[in-house]
Amino acid sequence: MEVLKEELFENDEIKSKIYEDLEREKEQKFVNLMIEIIVSLTLKELYEEGD
């Protein structure tokens, strides 16, 4: 019974770590998308001003 509890605890830790990693990856992708949008809009404005 004790071994089962330990395995469940380890599984929960693994699930938690995976979830945290996925959340961090989603946040990073969102930040990268926002940066890409800002850079794109900035460059568009600069090109339009240059014409």
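Treat the numbers as computed from the prediction; the structure is a model and nothing was measured.

Caption draft 1: Local environment of the overall build of the chain. Helices and strands together make up the secondary structure of the chain, namely 1 helix and 0 strands. Relative to the 2.2 N^0.38 estimate, which gives 10 Å for 51 residues, the radius of gyration of the chain is 22 Å and therefore markedly larger than a compact globule would have. Projected onto its principal axes, the C-alpha coordinates of the chain cover approximately 75 × 5 × 5 Å. Between the centroid of the 7 positive side chains of the chain and the centroid of its 16 negative side chains there is a distance of 4 Å.

Caption draft 2: Structural view of the pattern of salt bridges. Applying the stated criterion across every chain, the model contains 4 salt bridges. Measuring nitrogen to oxygen at the nearest pair gives 3.4 Å for the salt bridge that ties K17 to D21. Remark: D21 and K17 occur in helix 1 (residues 2-50); sequence separation between them is 4 residues, near one turn of the helix. Judged by its relative accessible area of 31%, D21 is partly exposed. Salt-bridge contacts for K29 lead to E25; the nearest nitrogen and oxygen are separated by 3.4 Å. On the criterion of helical spacing, the pair formed by K29 and E25 is a turn pair, its members being 4 residues apart in helix 1. Here E25 falls in the partly exposed class, since its relative accessible area comes to 42%. Among the charged side chains, a network of salt bridges with common partners joins K17, D21 and R24.

Caption draft 3: Representation of a nonpolar patch on the surface within the structure. Together, F30, V31, L33, M34, I35, I37, I38, V39, L41, L43, L46 and Y47 make up a nonpolar patch on the protein surface, roughly 1,100 Å² of accessible area in all. Residue position: I37 is located in helix 1. Looking at I37, the relative accessible area reads 38%, which means it is partly exposed.

Caption draft 4: View of a negative patch on the surface. On the surface, E2, E6, E7, E10, D12 and E13 cluster together to form a negatively charged patch. Checked against the element boundaries, E6 lands in helix 1.

Cut-offs used in this document
Residues numbered from 1 in each chain as written. Predicted model: local features only at pLDDT ≥ 70, side-chain atom pairs only at ≥ 80, totals over all residues. Heavy atoms only, no water. Helix = DSSP H or I, 4+ residues; strand = E, 2+ residues; numbered from the N terminus. Rg over C-alpha atoms; globule rule 2.2 N^0.38 Å. Lys, Arg positive; Asp, Glu negative; His and termini not counted. Charge placed at Lys NZ, Arg CZ, Asp CG, Glu CD. Salt bridge = Lys/Arg side-chain N within 4 Å of Asp/Glu carboxyl O. Buried < 20%, exposed > 50% of the residue type's maximum accessible area, 1.4 Å probe, protein only. Patch = residues over 30% accessible without salt bridge, like charges linked within 9 Å, V, L, I, M, F, W, Y side chains within 5 Å. Areas by Shrake-Rupley, 256 points an atom, 1.4 Å probe, with all protein chains shown as cover.

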